[in-house]
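Below are the chains, spelled out letter by letter.
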Amino acid sequence: MLCFRLHPAGCAIAVAALAATSAHAQVVAVSNVSVLDSAPNSLAPDTLVGTQGYLFDEQQEHTLGVDLHVEIGQPGIFLPGAPIGATITAGTTVSSSLFHWDLPAGGNGGSVLGSIQIDPDFVILGVIASNESLAATDDILGLDSVLYPTDDPSRRMEIEPDTIGSNGADTIGLSTDRTTLTFQLGLGSQGIDQMRILTAPRVVPAPAGAAALALSSLAATRRRR
């Protein structure tokens, strides 16, 4: 099974104490997505095809050594021309999964509408969706056993400004609770769509009363000493 977790341009996303609570978010529901038990050997065009998308685990509980740029980092609807871009800070522990869609060769293109929902104990921190960001993270978050189309210019999601009016324009949405990713994708007669989904455990703040009680207990202990 799978694990999975999103913010505006120039903002940083920090998640506290993930290393201490690291776990894999389970996918609880999908629409027009096939969740693979194991990673494919290759993601080159015309090797993993179908009318629906595919999803598989990559690196799990990986602690970032450097700040990581993502195209989607906050809840909202992202389509060509929408403001995109965020940073997940170095030291954050994430789990990565890759979504891949490629239509069978010889057709005239098509579209797919679907969704991915994860366990509410986890959140979608970010989605990597540009050619540059996907290529830059293939070695960091990808698997050595998978052949990635690193140099393929068609693998991105068409949500960037230069894709306005494109026949293959895409729309991606992230729910306000960061547990559900929805998508409406289009492909021409050639090309693929991919995105890397980064997740982490949800951090729940301690209730104010519990925090005050803990401080009071600590103060009492120090007085007794």
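The structure displayed is predicted, hence computed values, not measured ones. (Residues numbered from 1 in each chain as written. Predicted model: local features only at pLDDT ≥ 70, side-chain atom pairs only at ≥ 80, totals over all residues. Heavy atoms only, no water.)

Student: Account for the overall build of the chain, naming residues and giving values.
Tutor: Per the secondary structure count, the chain includes two helices and 14 strands. Taking all 225 residues of the chain together, 46% fall into the buried category. In the structure as shown, the chain presents an accessible area of about 10,500 Å², 53% of it carried by carbon and sulfur atoms. (Helix = DSSP H or I, 4+ residues; strand = E, 2+ residues; numbered from the N terminus. Buried < 20%, exposed > 50% of the residue type's maximum accessible area, 1.4 Å probe, protein only. Areas by Shrake-Rupley, 256 points an atom, 1.4 Å probe, with all protein chains shown as cover.)

Student: Mind laying out unusual backbone geometry, listing which residues take part and the relevant values?
Tutor: With phi around 55 degrees, Asn32 is a residue other than glycine that occupies positive phi space. Position of Asn32 relative to the elements: it lies in the loop between β2 (27-31) and β3 (33-35). A relative accessible area of 36% means that Asn32 is categorised as partly exposed. In this structure, Arg178 takes a positive phi of about 65 degrees despite not being glycine.

Student: Talk me through the pattern of salt bridges; I want residue IDs and the actual numbers.
Tutor: Under the definition given, this model contains three salt bridges. Close ionic contact of Arg155 with Asp138 constitutes a salt bridge, the shortest N to O distance being 2.9 Å. Placement of the pair is Arg155 in the loop between α1 (131-141) and β12 (171-174) and Asp138 in helix α1, with a sequence separation of 17 residues. A relative accessible area of 0% places Arg155 in the buried class. (Salt bridge = Lys/Arg side-chain N within 4 Å of Asp/Glu carboxyl O.)

Student: Can you tell me about the packing of aromatic side chains, naming the residues and giving the values?
Tutor: For the structure on display, the rule yields one aromatic pair. Ring geometry for Phe99 and Phe183: centres 4.9 Å apart, planes at 50 degrees, overall tilted. Residue Phe99 is found in strand β9 (residues 93-101), and its partner Phe183 is found in strand β13 (residues 180-187); the two are separated by 84 residues along the sequence. Take Phe183: its relative accessible area is 2%, and that puts it in the buried class. (Phe/Tyr/Trp six-rings, centres within 6.5 Å; stacked < 30°, edge-to-face > 60°.)

Student: Can you explain the side chain of Asp170? Please cite residues and give values.
Tutor: Within the secondary structure, Asp170 is located in the loop between α1 and β12. An unpaired buried charge is present at Asp170: no salt bridge exists, and Arg156, the closest side chain of opposite charge, is 7.7 Å distant. There is a polar contact of 2.7 Å between the side chain of Asp170 and the backbone nitrogen of Glu158. Only 3.0 Å separates the side chain of Asp170 from the backbone nitrogen of Gly186, close enough to count as a polar contact. With residues up to four places along the chain from it excluded, the contact list for Asp170 reads Phe78, Leu79, Pro80, Arg156, Met157, Glu158, Ile159, Gln184, Leu185, Gly186 and Asp193. (Lys, Arg positive; Asp, Glu negative; His and termini not counted. Polar contact = N/O pair within 3.5 Å; in protein donor to acceptor, adjacent residues only side chain to side chain. Contact = heavy atoms within 4.5 Å.)

Student: Give a detailed account of the confidence of the model for the chain, specifying residues and quantitative values.
Tutor: Put simply, the chain has an average pLDDT of 81, and 75% of its residues get 70 or more. Within the chain, strand β5 (residues 62-63) carries the highest mean pLDDT (97), whereas strand β1 (residues 12-13) carries the lowest (38). In the predicted structure, residues 1-25 sits below a pLDDT of 50 and forms 108 contacts with residues beyond four places in sequence or in another chain. (pLDDT = per-residue confidence, 0-100.)

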